Amino acid sequence: MTNNNPIGVFDSGIGGTSIWSAIHELLPNEKTIYLADSKNAPYGQRTKEEIVALSKKNVDFLLEMNCKLIVVACNTATTNAILELRGDYDIPFIGIEPAIKPAANNSKTQVIGILATKGTLNSELFNKTAEMFQNTTIIEQVGHGLVQLIEDGNLNSPEMTQLLESYLQPMIDANIDYLVLGCSHYPYLIPQIKKILPEHIQIIDSGEAVARQTQNVLREKVGFTDIQNTDPIFYVNSNPEVLKSILDYKYTVIEKDF
Ligand code: DGL
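Cut-offs used in this document
- Residues numbered from 1 in each chain as written.
- Predicted model: local features only at pLDDT ≥ 70, side-chain atom pairs only at ≥ 80, totals over all residues.
- Heavy atoms only, no water.
- Phe/Tyr/Trp six-rings, centres within 6.5 Å; stacked < 30°, edge-to-face > 60°.
- Helix = DSSP H or I, 4+ residues; strand = E, 2+ residues; numbered from the N terminus.
- Buried < 20%, exposed > 50% of the residue type's maximum accessible area, 1.4 Å probe, protein only.
- UniProt positions renumbered as here; feature names shortened; annotations may be inferred.
- Contact = heavy atoms within 4.5 Å.
- Salt bridge = Lys/Arg side-chain N within 4 Å of Asp/Glu carboxyl O.
- Axes fitted to C-alpha atoms, helices over the stretch in contact; angles between N-to-C directions.
- Parallel < 35°, antiparallel > 145°, perpendicular 65-115°, else oblique.
- Left-handed = near helix turned anticlockwise from the far one by under 90°.
- Nonpolar A, V, L, I, M, F, W, Y, C, P; charged D, E, K, R; others polar.
- Expected span 1.5 Å × (residues − 1).

Digging into the packing of aromatic side chains
Link 1 in the chain: According to the stated counting rule, one finds seven aromatic pairs in the structure shown.
Link 2 in the chain: For the pair Phe61 and Phe258, a centre-to-centre distance of 4.9 Å together with 45 degrees between the ring planes defines the contact as tilted. Taken together, the residues Phe61 in helix 2 (residues 48–64) and Phe258 in the segment after strand 10 (252–255) connect sequence positions 197 residues apart. The pair formed by Phe61 and Phe258 is uniform in burial state, with each residue classed as buried.
Link 3 in the chain: Summarising the aromatic geometry, the rings of Phe234 and Tyr251 are spaced 5.7 Å apart at their centres and angled 35 degrees between planes, so their arrangement reads as tilted. Separated by 17 residues along the polypeptide, Phe234 in strand 9 (residues 233–236) and Tyr251 in the loop between helix 11 (240–246) and strand 10 bring together distant segments of the chain.
Link 4 in the chain: Judged by relative accessible area, which is 0%, Phe234 ranks as buried.
Link 5 in the chain: Taking the relative accessible area as the measure of exposure, Tyr251 reaches 26% and is therefore partly exposed.

Okay, here's the thing in C-alpha cells:
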C-alpha cells in the first residue's frame, strides 16, 4: 500500500516540533506539514470547547493540504479534543498523552511527577489514565508560564529557571524517581531541568512512542510514501522567528494566518 500524501502535525505553537523531530527521524522519507497555532497559544488555560474549536480549525487547514494522517502533537489538544476529532473526521489521528504508564511501571519509589498544562491535568482522559495507577503517587504540577516563555523565545531566561525550580523542588522533596513531561513544549527544557533534578531522576517524554505509533498506522492503514526525501514545511500564524530559531534555520517556515 502506497500513499504519497503528507503527514500533518499540529500543536498550539512551536513545542510540537519536538514530536515532529522524532517522526522525521524515524520516517525521513515521509513528507510532513507542521502547523504552529502560536497566535492562539497557550491552549492550556482555555476551556475544552475552545480547545476543540481550535483543533478543528487546525485539522481543516491540514486537510486542505491533503494530509493522509494527522498527529495531534499537543497533550492539551489530545486530552481535550481527540475523541471529537475522531468522531468528526474520517482520517486517522494520533495523539500524545503524558507517559504515566512507563513511569509508574518502572518507578522504584512509587512516586512520580508530572509537569503538564492545566488543560491536560484537568481533562477526563488524563484522569482516567491516572486512576489506573492506584499504587503510584502521582505528583501533578501545572507548568504555569512555561509555554508562554518558550513561545516568546525566552527559553534560557532567569525567569524560566526560577519557575522550573519552584515546580520541581516539591517533587524532589516527595522522592519522585520519574518526571513525566506532559506537554510537547517541555522537551526543550530538558537541559535546564537536568541542572535542577538529582541525577537518579529519569525524565520521560512521549516523542518516540508517537513516532512509532505513526509508523504502525502508516503500515497497517494508510500506506508509506514511495517518494524520497521531501522537505518538510512549517506554517505559523505569529512570531515566525522563534519557530525558525528552534528549527536551527534548517527548514522552510511560512507565516500565514489560519
Ligand atoms: N504543547 C502543548 C501540550 O503539549 C500545549 C501547550 C499550551 O498551549 O498550553 O500540551
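Having put the structure on the table, let's press on.
A look at the UniProt feature "active site" (unreviewed entry) in the protein chain
Link 1 in the chain: With numbering aligned to this structure, UniProt lists the feature "active site" (unreviewed entry) at Cys74 and Cys183. For this annotated set, covering 110 residues, all C-alpha atoms fall within 6.6 Å of each other, a compact arrangement in space.
Link 2 in the chain: In this fold, Cys74 is placed in the loop between strand 3 (69–72) and helix 3 (75–88).
Link 3 in the chain: Excluding residues within four positions of it along the chain, Cys74 makes contact with Phe10, Asp11, Ser12, Tyr43, Ile96 and Ser184.

What to know about the pattern of salt bridges
Link 1 in the chain: In total, this model carries eight salt bridges according to the counting rule given.
Link 2 in the chain: Across the pair Asp37 and Lys57 runs a salt bridge, and its minimum N-O distance is 3.2 Å. With Asp37 in the loop between strand 2 (32–36) and helix 2 and Lys57 in helix 2, this residue pair connects regions lying 20 residues apart in the sequence.
Link 3 in the chain: A relative accessible area of 0% places Asp37 in the buried class.
Link 4 in the chain: With a relative accessible area of 23%, Lys57 lands in the partly exposed category.
Link 5 in the chain: Lys56 is paired through a salt bridge with Asp88; the nearest N and O atoms lie 2.6 Å apart. Of this pair, Lys56 sits in helix 2 while Asp88 sits in helix 3, placing them 32 residues apart in sequence.
Link 6 in the chain: Given a relative accessible area of 24%, Lys56 falls into the partly exposed group.

Things to note about the packing of helix 1 (residues 17–26) against helix 10 (residues 207–222)
Link 1 in the chain: Helix 10 packs onto helix 1 with a crossing angle of 50 degrees between their chain directions and a minimal axis gap of 8 Å. Classified by the angle between their axes, helix 1 and helix 10 sit oblique to one another. Crossing hand, helix 1 versus helix 10: right-handed. The segment helix 1 lies against helix 10, with Ile19, Ala22, Ile23 and Leu26 engaging Gly207, Glu208, Val210, Ala211, Arg212, Thr214 and Gln215.
Link 2 in the chain: Looking at the contact of helix 1 with helix 10 residue by residue, the classes come out as six nonpolar, three polar and two charged.

Digging into helix 2
Link 1 in the chain: In this model helix 2 runs 25 Å from its N-terminal to its C-terminal C-alpha over 17 residues, within 8% of the 24 Å that 1.5 Å per residue would give.
Link 2 in the chain: Listed in full, the buried residues belonging to helix 2 are Ile51, Val52, Leu54, Ser55, Asn58, Val59, Phe61 and Leu62.
Link 3 in the chain: Where helix 2 is buried, its residues contact strand 1 (7–11), strand 2, strand 3, helix 3, strand 4 (93–94) and strand 9.

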